[in-house]
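If you want the building blocks of each chain, they are given just below.
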Amino acid sequence: MALRDNRFANINSLYNKQVLICGDTGCRSSKSDEMEEEIREALKEANAEEKIDVVRVGCFGLCEAGPIAVVYPGGKFYAYLKEGDGRRIVKEDLLGDKTIDELIYPESLSDDIVKSIYDVSFYTKQKKIAHKNCGVINPDSIEEYIALDGYLGLHKALNEMSPQEVIDEIKESGLRGRGGGGFPTGLKWQFTKDAEGSPKYVLCNADEGDPGAFMDRSILEGDPYSVIEAMTIAGYAINANYGFIYIRAEYPSAVEKLESSIKKAKELGLLGNNIMGTDFSFDLELRLGAGAFVCGEEMALIESIEGKRGIPRNKPPFPANEGLWGKPTLINNVETYANIAQIIYKGSDWFSSIGTEKSHGTKVFTLGGNIKRTGIIEVPMGTTLRDIIYEIGGGIIGDKEFKAVQTGGPSGGCITKDYLDTPIDYDNLTALGSMMGSGGMIVMDDSTCMVDIARFFLEFTVDESCGKCTPCREGTKRMLEILEKIVAGKGTLEDIDTLENLGNMIKISSLCGLGQSAPNPVLSTLRYFRDEYEAHVVDKKCPAGHCKALLEYYIDDTCIGCRKCARNCPVNCISGKPKEVHVIDTEACIKCGNCMEVCPTNSVHLR
Amino acid sequence: MSFTFDYEANADRLEEFESFIDKEKTKKGSLMAILHKGQKLFGYLPIEIQEIISKKTKIPIAEIYGVVTFYSQFSLVPKGKHEIGVCLGTACYVRGAQDVLDEVKDQLGIDVGGTTSDLNFSIQATRCIGACGLAPVMTISGDVYGKLKTEDIKEILDSYRNEEVKK
Ligand SMILES: Cc1cc2nc3c(=O)[nH]c(=O)nc-3n(C[C@H](O)[C@H](O)[C@H](O)COP(=O)(O)O)c2cc1C
Ligand code: SF4
Ligand code: SF4
Ligand code: SF4
Ligand code: FES
Ligand code: FES
């Protein structure tokens, strides 16, 4: 990225070279800490610490390739590093000026030319706004944040704009909430500003409950000041002097990073009394969740901050009028906030020029499942699923058949290959029976059983239902029982109808978004994969070959007739003459799996 | 299994806990922070600890109990010395996390939410820990293991087993 090259030329001209290492959770689990240590040690031994700058940055997005080290100038993208590779990079590249081809991310290397990290196809269709600093700056350094336009938005708001002008700018940008609902952000700010009562509060929803999504976490770990700055701007706009970030306790390093960042912002007068010498004061505090998905729902979140069980309240009144401790409260998602300072600084015209007519800007997704390149991506609204899955994600693992992509997590649904060319925005996804959600995107191939995936999500919601209202508490449990019956091969056609009816009933009669959306994974798989449900109940087969109760062992014609399987079968149900293909009597088979384990030619399979 | 709370062995921790409560209790909505602290100090939140909180904060014990049991991270039984979290988030699930979890349960002979009788291990099924790129993922005492195969589990568990339980 040119940005980084500039930064490198201007700010760090002291150093000859720079190496960026991702220190985010994903890479730390593939041992990036050790890699950083190794590089620092090797530099120390070579007395080269003064010449080469080692920077620990946030997530590059391509987490699957971790640990990652990017060397500037040039943006050379070293990936999948193992013990010892750090020393080689120091010795051969940083000090020896030689690129180590075999450690370069394969796709970055074509015809002996090493492309910069941001020129590989994973990045070319992306556009970074919310994630612009992730993988670029050292998240511990407020100076680096400031060097890349940080706090210019707040400065402009405080010095050149009235609170109403700030809100108008956000309204005009067309920014919609990134936490799932897609509510227009500017309008929400207006409601909270206009509400009677004081004090008012600014909340950040960093609960990120969608299991299989971590884009908010990577913002908090990779660019924490962007959220802190935005909340301060929000405080100014709605006339609040205090804010809370509600973050899930499962994210310990994000908690740590936020704590130290809040402290540093206070030291520099960017939080606290008289910010930037004006008469506006704003302070922030962290509050930790404790593992309850429903606490991502805004009313439950407010209850939880108050120190109670996270049980949703009736709406209205909305938080804008009666939120935390009954006071007007603004609540937005992490990614929503990460757009704010840039909109204020660069203007709403810039923002609304990106995306589609009704959905402006970009959206961050966590790309996971059976896809080659897993990680975090940020694309302009309107990008097609095909571009995301094949261009950015590199296609399906093992070049298998694409089956569906699940968006919106436990509240969302799936989209099939017929809709791969749909431009992604709020309205299109809803029309397809799925939803934008917070941005989890799980790709599934033909080995994924859609009935079992529906069961998986239902199990999740049954677990997480707070139990306040009956349709959600009892209805989802009934749905789960039926799904369990179906995957066990004991379902009937009536069960499928019951699922549909129950699902529609729960949707309309539940109190909060959890219950209202809990049946979505079932209803959407029923819509697109009804045949798969029917195969389970009528033919007693699992077309994906996943549901164990419905599988059969069989022997293919590669069998050499060694009799090993027959000798190991506890119920003697394998027959065949020596040196001839053997056959399993599936009626008698007890599915112990012995035959598959002992076969020397891998001729035993499940179907 | 029942566990008794040992006041004597926990004397120092109790002192630290009580002064933490005294410091926090005037803040609005501080119960969650107090419970987090207790969970961290004692490894669980037995009724004895809830009583201390109730006495100091004047919050009725029924309400405290309600909050403790609502959140999955607060526990009424002690966690093992090594807490194992197998991620059952969607990204991990479609890549075979259920098999990993089943293998861990088999190896240890306990169920999700359980603790081994030697207090060495406990298992939790966690939701996404934000390392989906490496799915399936599990954590043991904060160390993260990614791209797991069921064959790897035994060796990983053994590396924690070999340290004797110090009590
Ligand atoms: C069951 C449930 C879970 C939710 N979880 C989250 C979450 O983890 N993170 C989030 O930002 N919003 C979540 N939401 C949406 C919030 O209620 C709320 O709409 C959002 O924080 C508003 O912020 P936004 O307008 O910036 O999107 C959830 C909603 C429901 C019904
Ligand atoms: S819909 Fe479910 S989660 Fe929401 S309030 Fe009712 S029981 Fe609780
Ligand atoms: S699975 Fe077991 S019972 Fe069935 S054929 Fe193979 S060895 Fe025999
Ligand atoms: S073990 Fe394999 S090769 Fe031998 S008889 Fe059985 S199926 Fe055939
Ligand atoms: S965590 Fe390192 S690239 Fe995503
Ligand atoms: S789903 Fe397992 S780490 Fe995200």
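You'll find the structure just up there.
These numbers come from a predicted model, not from an experiment. (Residues numbered from 1 in each chain as written. Chains lettered and ligands numbered in written order. Predicted model: local features only at pLDDT ≥ 70, side-chain atom pairs only at ≥ 80, totals over all residues. Heavy atoms only, no water.)

1. Looking at the sheet that holds strand β13 (residues 402-407) of chain A
Residue and element names in this part refer to chain A. What counts is decided by this rule: If DSSP finds at least two bridges between two strands, the strands pair. Helix and strand assignments come from DSSP, with helices taken as H or I runs of at least 4 residues and strands as E runs of at least 2, each series counted from the N terminus. Working convention: axes come from line fits to C-alpha atoms, limited for helices to the stretch in contact. Angles between N-to-C directions cover 0 to 180 degrees. By the convention used here, residues are in contact when the closest approach between their heavy atoms is within 4.5 Å.
Taking strand neighbours across the sheet as the criterion, the five strands line up as β12-β11-β15-β13-β14 in an open arrangement whose pairing is mixed. Each of the sheet's edge strands pairs with one partner strand only, and the pair in question is β12 (375-380) and β14 (413-416). Within this sheet the neighbouring strands show an average axis-to-axis angle of 30°, counted without direction. Looking at chain direction, strand β11 (residues 362-369) and β12 are connected through six bridges and run antiparallel. Among the inter-strand pairings, F365 is bridged to a residue of β12, identified as I377. Packed on one face of the sheet, helix α18 (residues 450-464) meets β13, β14 and β15 (440-445) and runs near 15° to β13.

2. Section: the packing of aromatic side chains
Note the following rule: Geometry of aromatic contacts follows a simple scheme: Phe, Tyr and Trp rings, the Trp one being its six-membered ring, pair when their centres are within 6.5 Å, and the pair is stacked under 30 degrees between planes, edge-to-face over 60, tilted otherwise. Relative accessibility under 20% of the residue-type maximum defines a buried residue, over 50% an exposed one, and the middle range a partly exposed one, all with a 1.4 Å probe and only protein chains included. Lysine and arginine charges are scored as sitting over a ring when NZ or CZ, respectively, is within 6 Å of the ring centre and within 35 degrees of the ring normal.
Here the structure, examined in full by the defined rule, presents 25 aromatic pairs over all chains. Taken together, a centroid distance of 4.9 Å and an interplanar angle of 75° make the contact between F293 of chain A and F460 of chain A edge-to-face. Highlighted residues: F293 of chain A in the loop between β9 (283-288) and α13 (298-305) and F460 of chain A in helix α18, separated in sequence by 167 residues. Both residues of the pair, F293 of chain A and F460 of chain A, belong to the buried class. Ring centres of F456 of chain A and F457 of chain A lie 5.2 Å apart, and the angle between their planes is 65°; on these two criteria the pair is classed as edge-to-face. We note that F456 of chain A, like F457 of chain A, is buried. Three or more aromatic residues joined by ring pairs make a cluster, and in this case those are F5, Y7, F17, F42 and Y44 of chain B. Across the ring face of Y251 of chain A, the terminal group of R248 of chain A is positioned such that the distance to the ring centre comes to 4.9 Å.

3. Describing the nonpolar core
Across soluble globular proteins, you tend to see nonpolar side chains buried next to one another. Worth spelling out the cut-off: Definition of nonpolar core: a set of buried residues of the types Ala, Val, Leu, Ile, Met, Phe, Trp, Tyr and Cys, connected through side-chain atoms within 4.5 Å.
Formed by 147 residues in total, the largest nonpolar core has its most connected members in F60, W189 and Y337 of chain A. Per-element accounting of this core gives the leading share, ten residues, to helix α11 (residues 224-238) of chain A. In this structure F60 of chain A touches L20, C22, I68, V70, I117, Y118, Y123, K128 and G135 of chain A, once residues within four positions along its chain are discounted. One finds L203, F244 and F460 of chain A together with L35 of chain B within the second-largest nonpolar core, a separate group that totals 44 residues.

4. Considering the site of ligand 2
Rule in force here: A molecule or strand has a residue near it when one of that residue's heavy atoms lies within 4 Å. Note on residue categories: nonpolar means Ala, Val, Leu, Ile, Met, Phe, Trp, Tyr, Cys or Pro, charged means Asp, Glu, Lys or Arg, and polar means any other residue, Gly included.
Surrounding ligand 2, one finds 13 residues, the nearest of these being C466, K468, C469, C472 and C512 of chain A. Partitioned by chemical class, the residues of the shell around ligand 2 number eight nonpolar, four polar and one charged.

5. Things to note about a nonpolar patch on the surface
Residues and elements named next belong to chain B. For clarity, the threshold we go by: Patch membership is restricted to residues that have no salt bridge and whose relative accessible area is over 30%. Joining uses 9 Å for like charges and 5 Å for the nonpolar side chains Val, Leu, Ile, Met, Phe, Trp and Tyr. Surface exposure here means Shrake-Rupley accessible area, sampled with a 1.4 Å probe, where a residue is shielded only by the protein chains that are shown. In what follows, salt bridge is the name for a side-chain nitrogen of Lys or Arg lying within 4 Å of a carboxyl oxygen of Asp or Glu.
Together, I47, I61, Y65, L76 and V77 make up a nonpolar patch on the protein surface, roughly 380 Å² of accessible area in all. For L76, the location among the structural elements is in the loop between α4 (61-70) and β1 (82-87). Under the relative-accessibility criterion, L76 is labelled partly exposed at 37%.

6. Here's the deal with the interface of chain B and chain A
The condition is simple: Simply put, the buried area is the total loss of 1.4 Å probe accessible area from both parts when two parts are fitted together. Polar contact is the term for a pair of N or O atoms within 3.5 Å; when the atoms are in protein, one must be able to donate a hydrogen and the other to accept it, and sequence-neighboring residues count only if both atoms are side-chain atoms.
Chain B puts 30 residues into the contact, and the matching count from chain A is 54 residues. Summed over both partners, the interface of chain B with chain A comes to about 3300 Å²; 58% of that surface belongs to carbon and sulfur atoms. Considering only the side of chain B, the residues that lose the most area to chain A are F70, T90 and R127 of chain B, jointly responsible for 20% of the buried surface there. At the junction of chain B with chain A, the criterion picks out three salt bridges. A salt bridge links D99 of chain B to K548 of chain A; the shortest N-O distance between them is 3.6 Å. Applying the counting rule to chain B against chain A returns 17 residue pairs in polar contact (both at pLDDT 80 or more).

7. A few points about the pairing of β1 of chain B
All names here are of chain B. With respect to burial, β1 is a largely interior element, five of its six residues being buried. Direction of pairing for β1 relative to strand β2 (residues 121-126): parallel, over a ladder of six bridges. Opposite C87, over in β2, you have T126 as the bridge partner. In terms of strand pairing, β1 meets strand β3 (residues 138-140) through three bridges, oriented antiparallel. Across the sheet, residue I84 finds its bridge partner in β3, namely I140.

8. Things to note about the site of ligand 1
Residues and elements named next belong to chain A. Neighbouring ligand 1 are 18 residues; G179, K188, G209, N333 and T336 lie closest to it. In this structure, G179 approaches ligand 1 through a main-chain N or O atom, which is 2.7 Å from an oxygen atom. One nitrogen or oxygen atom from the side chain of T336 is found 2.7 Å from an oxygen atom belonging to ligand 1. The fraction of the free accessible surface of ligand 1 (610 Å²) that becomes covered by protein chains is 89%. Ranked by the residues each element gives to the shell around ligand 1, the list is headed by strand β10 (residues 329-333), at three residues. A class-by-class count of the residues in the shell around ligand 1 yields three nonpolar, nine polar and six charged.

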